[in-house]
Amino acid sequence: MPSPQHEFDVVIIGGGLIGAACADAMAARGKSVCVLEAKRTVSEASWAGAGILHPIHPWRYPDALQPLLRAAPHFHERAAQDLARDTGIDVEWRRTGLLLMGDALEQLATWCGSLIVHETVRARSQEPLLRVDGEALWLPDATQVKSHRLAEAYFARARAAGVVVRENCPATAIEPGWVHTAGGRVRAAQTVLCAGAWSSRLAPRVAVEPVRGQILLYRKALRRMVVFSDGAYAVPRRDGHVLFGSTLEHVGFDGRPTEPACRDLEARAALFLGVEAQNLVAAWAGLRPGTESRLPYLGQDLEREDLFHAHGHYRNGILLAPITSEILADLVTGHAPEFDVSELPR
Ligand SMILES: Cc1cc2nc3c(=O)[nH]c(=O)nc-3n(C[C@H](O)[C@H](O)[C@H](O)COP(=O)(O)OP(=O)(O)OC[C@H]3O[C@@H](n4cnc5c(N)ncnc54)[C@H](O)[C@@H]3O)c2cc1C
């Protein structure tokens, strides 16, 4: 039997969407890549995510992230087309539009400015199946994607390009030139940390903390658009189901859904969508990688040339995955990225 390979140009720690997209982009630039995943790939936040490709409350993020938030949706259409061609996987990227209700209409309209098409409408003129009505902001060009399919497609293409993916293989320490795992160490010319909410455990200088989000899945049709209202959102899927979320909970690393949160979401979904308990199909939770500054860690480590960061994407990791992977692929190959990330933590 050939002995397993232990030496790579790049070792990526974490097999969520960010790790998958980075592995794919780096393999496409000719790097030999190994992904180490503590559990199964795409089983954490990137599996749980709603897949809205528009930032929630974008005006609350610092200036340093604004160019990425604005550019990120445009990377998805091309990514979806190329992945479908190369892997046969349909990631369910769709331009479904987004309707915002509630008290933040003015902030979002100002944020959209002349760059993002938007208009003021009555909510139910746009989405007659809503239980509530009122003034709303309609963004017809907003898109969504199925996050776990996107990650699986990236992994499929990465594997076809020779990327080695080791599941059930937690990294235990990073040192110059090596990543340690319970099963031995792996030689890494460069290491990219993509361990989501767990990233601080491997890089103590990093301050990423888990923020739990819970979601309910209903059998219920909405016409097709994503609807936001006062912190809650409904995301219609192509198969006729609707996701309803979410919570923001600082409860450590417990990624399980809870009774009280589900009951609260159920009550809100009943008021908002008119759905009943018998339409509930599933409930789940995921741990977002949050940072106090609301900025992701992106780029080369400030102290170590061989270590790169791509984590802390909080509520925007699905949106930012393709753009993150291009930036990281530029950096590990010694090119200046198209976007200035020098103001982001790393
Ligand atoms: C309910 C919910 C809804 C969301 N909705 C949206 C949305 O609509 N749009 C959007 O853009 N974002 C959304 N997000 C946020 C988005 O899901 C995350 O930002 C994104 O998935 C983070 O991806 P990741 O790869 O960094 O993390 P993860 O997907 O969590 O992957 C990290 C991986 O690292 C692994 N790992 C951890 N430690 C180690 C180790 N020591 N060694 C090896 N592997 C390790 C973990 O097992 C995990 O698989 C949502 C999140 C939640 C929870």
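Per the secondary structure count, the protein includes 8 helices and 16 strands. The C-alpha atoms of the protein give a radius of gyration of 20 Å, which matches the 20 Å a tight globule of 346 residues would have. Across its three principal directions, the C-alpha atoms of the protein cover 60 × 45 × 40 Å. Sorting the 346 residues of the protein into buried and exposed places 51% on the buried side. Across the protein, contacts joining residues at least 24 apart in sequence account for 74% of those joining residues at least 6 apart.

Okay, helix H7 (residues 259-273) next. Compared with an ideal rise of 1.5 Å per residue, which puts 15 residues at 21 Å, H7 spans 20 Å between its outermost C-alpha atoms and is within 8% of the ideal. The complete set of buried residues in H7 reads Ala 261, Leu 265, Ala 269 and Leu 273. Buried residues in H7, looked at end-on, bunch into an arc of 70°, giving them a common side. What points out from H7, more than 90 degrees from its buried face, is the exposed set Glu 259, Pro 260, Arg 263 and Ala 267.

A word on the domain arrangement of the protein. With domains assigned, the protein is organised as domain 1 (7-89 + 146-208 + 292-332) and domain 2 (98-141 + 209-290). Centre-to-centre, using C-alpha coordinates, domain 1 lies 26 Å away from domain 2. Listed by partner, the interface residues are 23 residues for domain 1 and 25 residues for domain 2. Sorting elements by how many residues they give to the side of domain 1 that touches domain 2 places helix H2 (residues 45-48) first, with 3 residues.

Conventions used here
Residues numbered from 1 in each chain as written. Predicted model: local features only at pLDDT ≥ 70, side-chain atom pairs only at ≥ 80, totals over all residues. Helix = DSSP H or I, 4+ residues; strand = E, 2+ residues; numbered from the N terminus. Rg over C-alpha atoms; globule rule 2.2 N^0.38 Å. Buried ≥ 20, exposed ≤ 12 C-beta atoms within 10 Å, placed from the backbone. Contact = placed C-beta atoms within 7 Å. Expected span 1.5 Å × (residues − 1). Arc of directions from axis to C-beta. Domains from an automatic or database assignment.

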